[in-house]
Every structure is written in structure tokens, then in C-alpha cells.
Amino acid sequence: MKVDVLLGLQWGDEGKGKIVDYLAPKYDVVARFQGGPNAGHTLEFDGIKHVLHQIPSGIFRNNIKNYIGNGVVLDLVILRKEIEALFKYNLKPIDNLYISKKTQLILPTHRLLDAAYEKLKGKHKIGSTLKGIGPAYQDKVARIGLRVGDILRTDFEERCEKLSKKHEDLLNSLEFEYDLTELKKEFYDAVAFIKKYKLVDGEYFISSQLDQRKTVIAEGAQGSLLDIDFGNYPFVTSSNTTAAGAAIGLGIAPSLIGHVFGIFKAYCTRVGSGPFPTELLDELGEKLRAEGHEYGATTGRPRRCGWLDLPALKYAIMINGVSKLFMMKADVLSGMDKINVCTSYKLPDGSITEKIPYEINDMKIEPQMIEFDSWPEIGDTTVYSELPENLRKYVDYLESALKVPIEIISTGPDRKNTVLRNP
Ligand code: GDP
Ligand code: IMO
Ligand code: MG
């Protein structure tokens, strides 16, 4: 069996949580392979609206194993809260949540360091979610991080205090004020809580699932344009959000990657700093934000909004090897008078390109647009041929430009508002 990967093709928040929850009944295992609590994945069904940060989006479905892979950086305090928030739905994650022992831990001091580094950057800040992601990955690569498996060691607290002391010295040198007493207490409480969960040798876990012909879907976090290597560096997150990251973040051979499902909004959003060629800084952008409820699921920050960017989307499709596309939030565009799509970039020297220039952070790019008519409200249909004609024209155009089939059109936040192109 192969592992299918579902990932965001833009700057995150494409609707990954909704679609993973929708597809989950087809799979035996849903696995997160990178990122951490910087993610906010929203699920809506049966009047429930729930945001998951680290727990995979298969958790609401019966008989599915949810796995947190080694590529993730995990905040146990947030994880405990996430688990406890599921109790009211009668879910018992202790039965079907599996965590790789090789998953890196986010310590309370990683969160403080994130805030201290952002403060230091001043107006050049990345706009981090301040969840400690960058500092935790930094310690992983520096080979001084602590991992989930370490919480089972008798000297875990000693190891933790040693690393924490290093961080405290750094915070002091940056003259960053903090109080760790309460933060440490809730951290060690969370450690004791998580010890009872299924902490596994992750590579063997996934491999044995595949050997038993179980189906696995890997749930990406963030988006391809936030990838540490391929995003708009340095305005990126600290992990490989692209398909190759799934192999490393789960411990599977690259040849075991099956379908790559690429998910994109019918327009674009971005939270935090960094280039955004099609950003709308006028009332149209505000309208998109209002119609799409574009506020961060993790931080509540207003998302920057703009038109769909085909050069960026083609780039994301190329580096991920996307085999199927899912287009989200088609309903949001029915509120607009006209819809624009960027087909190429005009650079400051007057040249036109369909490629993302290396110097994108430093140059003013003029997006070259084509215009589409909008469509009326979509309603509740799940039959493709019943979607408004102009929406179907939009889908046809994108499909021919992107050269990958668009198989799902999402028409609302609820599980039910999902249209399969070829049911
Ligand atoms: P994720 O991080 O990729 O899982 O996406 P988020 O949950 O951060 O943001 C997507 C937002 O759009 C959430 O509030 C979803 O409930 C919502 N959403 C998902 N699909 C649709 C859709 O087709 N239409 C509308 N209107 N909202 C959607
Ligand atoms: P999901 O999985 C949107 C952005 C932050 C910031 C940059 C670096 O919900 O799509 P970090 O905290 O990772 O150091 O922040 O990345 N960012 C996201 N934007 N959706 C996310 O996750 C994001 N996770 C991080 O806003 O610009
Ligand atoms: Mg999100």
C-alpha cells in the first residue's frame, strides 16, 4: 500500500482540516508529518465547529488511527488541552491516538524564545504564531532537542532543566522578561498526562500498517509557499510542508508516496509577513475577508486576502507532484462582482514571467490579471452539474491552466458542502 498525501498549495489555511475529515472514512490511518501547534485545522459537521492544532483531523471518525509523526514539533501542554476538549464529544483519544517517540518536544522556553526573536526582528518580523516552532526545530537540527520518547526516561526532568537553562541564559542575554514557574508546572503535568498514551516506534508503526494493507493519508500543515526551502524565505515556517516532507516526517520510503492531493482556495490568503503579489489592500480585500471569515484559526489574526495566483499555484504543483486538485471556498466568490486571476508577473524591468523570481521579497511585482464573471449563491447541491455555470467555467479554465484534474469543489465550511466532480 502507498501513503496518500494531502497538503496546502498556498500559504496555509486552505481548508485541509475540512477535507481530511471528509476523506477520513476512506482511510485507516490519518497522520501528521510536520508542523505543530502553529496549525489550526477547522472541522464542521452536525452543528459542531472544532479547531484541531496537533491532533490529526481523523479523530472525529470511528475506527481510525490518528498518528503524530516524527517530523512534528509537539507542545504537550497544548496537546493535553486538545485531548481534553474532545472528551465532551465522548471521544477517547487514548484509544486511537499514536505518537512517534521521535517527535520533538516544544518546551515552554521555546515559546518564549520565539517571542524574543520576533521582538528582536522589529519591523522585519516573520509574523510567527509564537508557538515555539522555529526554536524547537532549531534545537532538533542542533542535535540538542528532546523527544517524546525521552519523557519515559527516569532523568527526563534533569535533561529538560538542562536545556531550559540554556534557553533561559539566551532569554536573559536578550533582556526578555518572563516568568517560568507556572509554565513549567503545566508542562510537567502535561508530561505525566501524555505518558499514558500510545508512544510508538513510528516508522515500524506505519510500516506494519502498510504491510497489513491499511490505507494511510498524510495530513499536511501550513502550505507549500511556507516551506522552509521553497517558500518565500525567510517568511516561512521551519519545516518542509511539501510532499517530500511526508516521507521524512513519517519515516516512509519516497517510493511509497501515492496520490498527492493539492488543496487551494479559489482565491488567496496569507497570515504574517512576506510577499503576496495578488494581495488586495482595498475594500475588495476587506470584502473577501468578511465573506470568507478570514481570521486565523490559531491566532485570530485577520488574514491578508487577494486573488488566485496561478504562477504560485503552478510552482506548488510542480514541487509537490500533485495528482489531484481540490478547490475550496467557491461560495465566497459568489459575493464578488468580478473575479480576477493572476496568470503571470510583470517584473520591475518590464519583463513578463510565469516563474517566481528569487528576488521576490525585494521587488514590486505587478500581477497580470484576467477577469471572470462571478456566480450566484451556490446553495446546498452536491451535484457538480448543478453548480452555477460561471463557477464551472472557472473550474474548467483553472484545470486547463494547471493541467491537473480538479476533483473536489468545496462550497461551504460544513462536511456536507462538498461537491465531487466524478462521484
Ligand atoms: P486549514 O488550516 O487548511 O485546515 O484551514 P483553516 O481551518 O485554518 O481555515 C479554513 C477556514 O475556511 C475554516 O474556517 C473552515 O471552516 C472554512 N472553510 C473550509 N472550506 C470552506 C468552504 O468551502 N467555504 C467556506 N465558506 N468556508 C470554508
Ligand atoms: P495551517 O496548518 C497559515 C505562518 C505564520 C507566519 C509563518 C511562520 O492552519 O494552514 P511559525 O509559527 O510557523 O513560525 O510562523 O507561517 N503560519 C501559518 N499560516 N496557516 C498555518 O497553518 C500556519 N502556520 C504558520 O503566520 O507567517
Ligand atoms: Mg489553519
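Higher on the page you've got the structure.
Here goes a summary of the coordinates provided.

Here is what the cut-offs are and how they apply
- Residues numbered from 1 in each chain as written.
- Chains lettered and ligands numbered in written order.
- Predicted model: local features only at pLDDT ≥ 70, side-chain atom pairs only at ≥ 80, totals over all residues.
- Heavy atoms only, no water.
- Near = heavy atom within 4 Å.
- Polar contact = N/O pair within 3.5 Å; in protein donor to acceptor, adjacent residues only side chain to side chain.
- Areas by Shrake-Rupley, 256 points an atom, 1.4 Å probe, with all protein chains shown as cover.
- 1 Å grid on protein atoms, 1.4 Å probe; cavity = no way out; pocket = protein on both sides within 12 Å on 5 of 7 lines; lining within 4 Å.
- Sits in = over half its atoms within 2 Å of the grid points.
- Helix = DSSP H or I, 4+ residues; strand = E, 2+ residues; numbered from the N terminus.
- Nonpolar A, V, L, I, M, F, W, Y, C, P; charged D, E, K, R; others polar.

## Here's the deal with the site of ligand 1
- Neighbouring ligand 1 are 20 residues; Gly15, Lys16, Thr42, Asp331 and Ser410 lie closest to it.
- The side chain of Arg303 places a nitrogen or oxygen atom 3.1 Å from an oxygen atom of ligand 1.
- Lys329 has a polar side-chain atom sitting 2.9 Å from an oxygen atom of ligand 1.
- If ligand 1 stood free it would expose 590 Å²; the protein chains cover 94% of that surface.
- More than half of the atoms belonging to ligand 1 lie within 2 Å of the grid points that define the second largest pocket.
- Of all elements in the fold, only α1 (16–23) and β3 (41–45) reach the threshold of two or more residues within the shell around ligand 1.
- For the shell around ligand 1, the per-class residue count stands at 4 nonpolar, 8 polar and 8 charged.

## A short note on the site of ligand 2
- Taken together, 21 residues surround ligand 2, and among them Asp13, Lys16, His41, Thr129 and Thr237 come closest.
- Contact distances for ligand 2 include 3.5 Å between an oxygen atom and a side-chain N or O atom of Ser128.
- Thr237 has a polar side-chain atom sitting 2.6 Å from an oxygen atom of ligand 2.
- Protein chains shield 97% of the accessible area of ligand 2, which is 550 Å² for the free molecule.
- Residue composition of the shell around ligand 2, by class: 8 nonpolar, 10 polar and 3 charged.

## Digging into unusual backbone geometry
- Each neighbour pair has its own omega, and for Tyr233 with Pro234 the value is 5 degrees, a cis peptide bond.
- Take Pro234: it is sitting in the loop between β10 (216–223) and α9 (243–250).
- Positive phi, close to 60 degrees, is recorded for Asp13, a residue that is not glycine.
- Mapped onto the fold, Asp13 is located in the loop between β1 (3–8) and α1.
- Here Leu130, not a glycine, exhibits a phi torsion of approximately 65 degrees, which is positive.
- Assignment of secondary structure puts Leu130 in the loop between α4 (108–121) and α5 (133–141).

Everything listed here is a matter of coordinates, which is why it stays silent on function.
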